[in-house]
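Topology and contacts: notes
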Amino acid sequence: RFALGLALLAQHITHKIKLTTIMCCCCPPAITALFYLWVRSGFSKDAVAGALVFFPPDPPLYKFKRIAANGDVLPDIDDEAENLEEGNGGGGGTEESKREEDDDDDSDSDSDLGTFEIDTKSSHKANNDANHTNNQQKVSAEVRRQRRKQREEARQKQRQEYSQDPIAAMTDRSNKLRLRAKRRSKIDARDDTNGVTYQFVPDIATLGTLPSFHGTIQAVKIGPQKRTGSYIAALLYKLPESEITPNTKTILYSHGNAADIGAMSGLQAMLAKNLKCNVLVYDYSGYGESGGIPMEKNTYRDVKLVYEWLVQNVTKHEHNVILYGQSVGSGPSCYLASRRCNVGGLVLHSPFTSGMRVLTPSRAMACLDIFPNIDRIKKVKCPVFVIHGQKDQEVGIEHGMALHAAVPEDCKRDPWWVRDKGHNDICDGPDIVEYMQRMNKFVKSLDE
């Protein structure tokens, strides 16, 4: 989806405008497209990244059922509602307005993104309302086919809009995401005040039957973010208490750019079950049930917030946390690993050296580069396991190899260059067995 959006944008610019007076005629079309979008957005790096990198599933592949403190089921959040009822926002005064402005801020200020200490007195609350995967609703094959058809029609409509005027489509999408973020912030703040809890409801009609899990699945909203005021949706796959030991690991999973925690729910259940560990997967700002806006800096804020909650409420010790980043998720995972010297381990699944390097080796637009993993991986102090498909056409295997080569020698673990696999299919089919075996070997090695 990233490549499609960029290709259509470049095509549109080639036919609609001439930038030869601004840029060299030998610049690759991708660079020209990015440059134009950057200028059109008022020289906003985050606007470029948000438009071209982040593609939340629409509609999401799950929802959080809202449960009031008295047990009543509350209405689902309507992101398309034009107005919120007065008083439902949990505020609306000066502080909330400032947070909304901060969430829209595309400036380069990152004062809240430096090193940090775990606040053991934090007020983040765990949601104790857990539900089992065994209670899934059965959906007929015909309903699943219809749901997939509807999603494909929606994707086709989006492609047509992009092909007609990519700039207008991206601008419209950005405006909708900002409005959604403000609505979500108000509702989530009110729910937090009123003690609302959540239950995970996957889109079984699209996903099909999910693997069973003998532990519990705990749906939580973690927040608010200190800077933006938004809350982050997460799922904790937790082992039964009888299976938890002082050395039990918890995987903090950062997913790809076109997934959400519903789409990843099957794999997370299998990881927890086969590796005998807890798994915490979360949605980035602007994805699924999370508030906020999808931007590079917000992914850093998201992973910091979730990591802090995880240490406080689940692992108690940072060395029992394994950071796992898939594709775009390698960005926030490398960011956090380079700043937390006590983290237990890092798994990079189909990672890239940096966002711009996926498009072109040219450094002509290095000022727009995002997720500089190749620089950050050199600073990690934990064991690193790199996984990459040899036939990856979206992020070439040379990215994974370069990252592995840059890992400090005492932190390197044997990589897995997966034969006959691409970007998104490493865990598909029979290869899931070898995947689990290699992951299990890596997890066990952390205690050796």
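Presented here is an overview of the structure given in this document. (Residues numbered from 1 in each chain as written. Predicted model: local features only at pLDDT ≥ 70, side-chain atom pairs only at ≥ 80, totals over all residues. Heavy atoms only, no water.)

1. Considerations on unusual backbone geometry
To be explicit about the condition: Only runs of H or I of at least four residues qualify as helices and only runs of E of at least two qualify as strands under DSSP, and these elements are numbered from the N terminus.
With omega at 0°, the peptide bond leading from aspartate 58 into proline 59 counts as cis. Tracing the chain through its elements places proline 59 in the loop between helix 3 (45-52) and strand 1 (62-67). Omega for the peptide link from glycine 223 to proline 224 comes to 5°, which places this bond in the cis form. You can see proline 224 is positioned in the loop between strand 4 (216-222) and strand 5 (232-238). Backbone geometry at lysine 276 places phi at a positive 55°, although glycine is not the residue there. Along the chain, lysine 276 turns up in the loop between helix 8 (265-275) and strand 7 (278-282). Look at serine 350: it is not a glycine, yet its phi comes out positive at around 50°. Among the secondary structure elements, serine 350 is positioned in the loop between strand 9 (345-349) and helix 11 (355-359).

2. Details of helix 10 (residues 330-337)
Each turn of an α-helix holds 3.6 residues, which means side chains three or four residues apart point in the same direction. Heads up, the condition is: Here the term buried applies to any residue with accessible area under 20% of the maximum for its type, exposed to any over 50%, and partly exposed to those in between, with areas from a 1.4 Å probe on protein chains only. Whether two residues touch is decided by their heavy atoms; if any such pair falls within 4.5 Å, the residues are in contact.
In terms of residue burial, helix 10 counts as a mostly covered element, since eight of its eight residues are buried. Of the positions making up helix 10, those classed as buried are Ser330, Gly331, Pro332, Ser333, Cys334, Tyr335, Leu336 and Ala337. Looking at the packing, one finds that the buried side of helix 10 touches strand 6 (250-254), strand 7, helix 9 (296-315), strand 8 (321-326), strand 9 and helix 12 (373-376).

3. Looking at the pattern of salt bridges
Just so we agree on the cut-off: Salt bridges are defined as contacts in which a side-chain nitrogen from Lys or Arg sits within 4 Å of a carboxyl oxygen from Asp or Glu.
One pass over the full model with this rule turns up 14 salt bridges. In this structure, the salt-bridge partner of aspartate 447 is lysine 249, at a minimum N-O distance of 2.8 Å. Separated by 198 residues along the polypeptide, aspartate 447 in the segment after helix 14 (431-445) and lysine 249 in the loop between strand 5 and strand 6 bring together distant segments of the chain. Beyond isolated ion pairs, a larger network of salt bridges with shared partners links Arg184, Asp188, Lys221 and Glu289.

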